[in-house]
Amino acid sequence: MDNSLKEKFSRFCAGGVLVMTLCFMAVLTVQAFVGTASVTTGGGDGEVLSFSRDNTFINILLSAAFFAPMYFLLKVSEKISARALTAALVLWAVILSAAFVCSAKLQPSQDSYIITFFASQAAKGDYSYYHEYFCFFPYQFGFALYEELFFRLFYLMLPAAPEGFAALSVQLMNVLYNALTFLALVKISRVLFKSERAEKLTALLLFLCFQPMLFTTFMYGNTPALAFAVLAVWMFLLFQESGTVKYALLCTAFISIGTLLKLNTLIYVVAISIVWLISVIRKPSLRSLLLMLLMIASVLILKPLPQRYYEAKMGEELGKGIPQSGWLAMGLHEGQSGPGWYDPTYTTTAFIASDYAPDVCAGTAKSAISERLAEFAKDPGGALEFFGRKLSSQWNEPSYESLWTNQVRRSYSSSGKIYAFVCEDHADEVYMLMNIYQQCVFAAFTAGLVLLMKKQDINTVLLPLVILGAMLYHIMFEAKSQYALGYFMLMMPVAAFALDRIFALISGRKEPKRWKTETSPKK
């Protein structure tokens, strides 16, 4: 294959990613301006999903009111270095998130409680709890190991501290992980677009991204895994730019840790692997190919180790857990809260009925999948309506359950004023502001996808590819709006790139102000 064909292949793949992502985003952006999905407690401890119609004209006006100050803030920020603005963003995220964690003082609950309690006892040498839970979900051992190691270190330093204080310390660690994610996203914008204004706009957009700041109270793998996954993307892009091996090795380390903490990080692994492979085809490099294979091997080798560790400690084998086909069957049916949302029928219930036999459970799930697909084939309109509601329920829910997860849980003691302001007294107003912010990000990200069509560079479509992978996965498997939060954050650099170009056009500049390349490619 000559160089021109390799280049055309790379551009074709990049264009394909952009077109497919654009199809999803066009639907989502329209949905965001005409309606909103919301998740509430239903006055108790439930997870109640509902849909409402919006005034589209008002939404357009509110979006214009959002973008105008962004243009003004960008002008003001010309006197501030991007590094200083990024430092201010990190400090803002740490202070605001930590203040909310300390004000909320929330206990873990449900799955989070089970994993945290197991980890806290494991840190004391007791591995006797919740074996059945991990028999269902052995992939949770990765986050359990993370918490066990944290608790061991915590109690080594503060042996007399109450367990509630240890749990809050895990939440405060989430604050640092979230700030690290913000930092990495700004740096990704710098590497991808070489534009000072795009970098600053990414930071300005993240200043207003309150959902992940509120989500830091949730003791689960989401927040730390996201930080490591985004760091891996940053390191990979630096490797693509410079060819420096240390960046590829850091990418491997970060993505492997992220996968241990949250199995869905495999979406990032697949996206990075696709872009890496296309890059190798475009510019053949044995070293680059071997480094890519090293990353994949690292993920596959390390992924089962936490389960092996705990099985040795427990003295029993727990097996593979609920098969993926069970989650697919769940994703194709109406759930307890909405289309494709959680329902135990094809997962825990079927697994218990099968006497914990994955093959038998998978057979039950596959039969249900076949029946459901036959129903969709007979009623294409019903299928379109189902998947339309499912897409909206996950991506067009502005809070991404960052309010719900705080409202539904008990606190260790009376919550403070910050928690009351955000989650009780002014929860509706906070939700409304999140709605405006979300639809503006959707619109800008969609515009960014269109603008990227001109260049069709494979590296610049890495973030859209991760988002596309998440959309394709969750449109078929289990749905939950909190799962979309991390991918929503990935939209910021591309949204900032679009605003950079649009604002440059408004100000009469032909080309955005560009940075010098941080690292020069090796010859």
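Residues numbered from 1 in each chain as written. Predicted model: local features only at pLDDT ≥ 70, side-chain atom pairs only at ≥ 80, totals over all residues. Heavy atoms only, no water.

### Observations concerning the overall build of the protein chain
Secondary structure summary: the protein chain contains 23 helices and 2 strands in total. The C-alpha atoms of the protein chain give 23 Å as radius of gyration, which agrees with the globular expectation for 523 residues (24 Å, within 12%). Projected onto the principal axes, the alpha-carbon positions of the protein chain cover approximately 65 × 60 × 60 Å. Here the protein chain, with 523 residues, has 58% of them falling under the buried criterion. In the protein chain, once contacts between residues fewer than 6 apart in sequence are set aside, the share between residues at least 24 apart is 80%. If you sum the accessible surface of the protein chain, you get close to 22300 Å²; carbon and sulfur atoms cover 66% of it. (Helix = DSSP H or I, 4+ residues; strand = E, 2+ residues; numbered from the N terminus. Rg over C-alpha atoms; globule rule 2.2 N^0.38 Å. Buried < 20%, exposed > 50% of the residue type's maximum accessible area, 1.4 Å probe, protein only. Contact = heavy atoms within 4.5 Å. Areas by Shrake-Rupley, 256 points an atom, 1.4 Å probe, with all protein chains shown as cover.)

### Describing the packing of helix H21 (residues 427-452) against helix H23 (residues 485-507)
As a packed pair, H21 and H23 sit with axes 7 Å apart at the nearest point and diverge in direction by 65°. Of the possible angle classes, the one that applies to H21 and H23 is roughly perpendicular. H21 and H23 meet at a crossing whose hand is left-handed. Two secondary-structure elements touch here, H21 through Tyr437, Gln438, Val441, Phe442, Ala444, Phe445, Ala447, Gly448, Leu449, Leu451 and Leu452 and H23 through Phe488, Met491, Met492, Val494, Ala495, Phe497, Ala498, Leu499 and Arg501. The residue makeup of the contact of H21 with H23, split by class, is 17 nonpolar, 2 polar and 1 charged. (Axes fitted to C-alpha atoms, helices over the stretch in contact; angles between N-to-C directions. Parallel < 35°, antiparallel > 145°, perpendicular 65-115°, else oblique. Left-handed = near helix turned anticlockwise from the far one by under 90°. Nonpolar A, V, L, I, M, F, W, Y, C, P; charged D, E, K, R; others polar.)

### A look at the environment of Ile506
As for its placement among the helices and strands, Ile506 is situated in helix H23. Given the relative accessible area of 57%, Ile506 is considered exposed. Between the alpha carbons of Ile506 and Tyr71 there is a distance of 9.5 Å; along the sequence they are 435 residues apart.

### Here we look at unusual backbone geometry
At Lys105, a residue that is not glycine, the phi angle is positive and equals roughly 55°. Structurally, Lys105 can be placed in the loop between helix H3 (82-104) and helix H4 (110-122). A positive phi angle is found at Gln110, which is not glycine, with a value near 50°. Mapped onto the secondary structure, Gln110 falls in helix H4.

### Quick look at a nonpolar patch on the surface
Taken together, the side chains of Leu153, Leu156, Met157, Leu158 and Phe165 make up a nonpolar region of the molecular surface, amounting to roughly 560 Å² of accessible area. Take the nonpolar patch: its biggest share by element is 3 residues, from helix H6 (residues 141-157). Its location among the elements puts Leu158 in the loop between H6 and helix H7 (163-193). (Patch = residues over 30% accessible without salt bridge, like charges linked within 9 Å, V, L, I, M, F, W, Y side chains within 5 Å. Salt bridge = Lys/Arg side-chain N within 4 Å of Asp/Glu carboxyl O.)

### Thoughts on the pattern of salt bridges
According to the stated counting rule, one finds 12 salt bridges in the structure shown. Between Glu375 and Arg372 there is a salt bridge, and its shortest N-O distance comes to 2.9 Å. Linking Glu375 with Arg372, this pair stays in helix H17 (residues 358-378), spanning 3 residues, or about one helical turn. Residues joined in a network through salt bridges with shared partners are Glu7, Arg282 and Asp457.

### Focus on the pairing of strand E1 (residues 35-40)
Counting buried residues along E1, 5 of its 6 residues qualify, which places the element largely inside the surrounding structure. Across 6 bridges, the pairing between E1 and strand E2 (residues 48-53) is antiparallel. Residue pairing for E2: Thr40 is matched across the bridge by Val48. (Pairing = 2+ DSSP bridges.)

### Description of the packing of aromatic side chains
By the definition in use, this model includes 49 aromatic pairs. A ring pair is formed by Phe228 and Phe254, whose centres lie 6.1 Å apart and whose planes are at 40°; its orientation type is tilted. Within this pair, whereas Phe228 is found in helix H10 (residues 222-242), its partner Phe254 is found in helix H11 (residues 245-261), the two being separated by 26 residues in sequence. The pair Phe228 / Phe254 is uniform in exposure class, with both members buried. Ring geometry for Tyr473 and Phe477: centres 4.6 Å apart, planes at 10°, overall stacked. (Phe/Tyr/Trp six-rings, centres within 6.5 Å; stacked < 30°, edge-to-face > 60°.)

### Points about the environment of Leu22
Examined against the element boundaries, Leu22 turns out to sit in helix H1 (residues 3-34). According to the relative accessible area criterion, Leu22 is partly exposed, its value standing at 22%. Through-space distance from the C-alpha of Leu22 to that of Leu485 is 19 Å; in sequence the pair is 463 residues apart. Non-local contacts of Leu22, meaning those with residues more than four positions away in its chain, are made with Thr446, Leu449 and Val450.

### Regarding the nonpolar core
The biggest cluster of nonpolar side chains holds 141 residues, and the ones touching the most others in it are Tyr268, Trp276 and Trp395. Sort the elements by how many residues they give to this core and H10 lands first, with 15 residues. If near-sequence neighbours (up to four positions away) are discounted, Trp276 is found in contact with Phe236, Phe239, Gln240, Ala248, Ser288, Leu291, Met292 and Met295. (Core = buried A, V, L, I, M, F, W, Y, C linked by side-chain atoms within 4.5 Å.)

### Brief notes about the environment of Tyr419
Checked against the element boundaries, Tyr419 lands in helix H20 (residues 417-425). On the accessibility criterion, Tyr419 (6% relative accessible area) is buried. Along the primary structure Tyr419 and Ser103 are separated by 316 residues, whereas in three dimensions their C-alpha atoms are 5.6 Å apart.

### What about the confidence of the model for the protein chain?
Scored by pLDDT, the protein chain comes out at a mean of 92, with 97% of its residues at no less than 70. Segment residues 515-523: pLDDT under 50, and 20 contacts once partners within four positions in sequence are set aside and those in other chains are kept. (pLDDT = per-residue confidence, 0-100.)

### Comments concerning helix H2 (residues 56-76)
The terminal C-alpha atoms of H2, which comprises 21 residues, lie 31 Å apart, in line with the 30 Å expected from a rise of 1.5 Å per residue. Packed against the buried residues of H2 are H1, helix H8 (196-207), H21 and H23. Of the residues that open H2, the one with a side-chain oxygen 3.1 Å from the backbone nitrogen of Phe57 is Asn55. (Expected span 1.5 Å × (residues − 1). Polar contact = N/O pair within 3.5 Å; in protein donor to acceptor, adjacent residues only side chain to side chain.)

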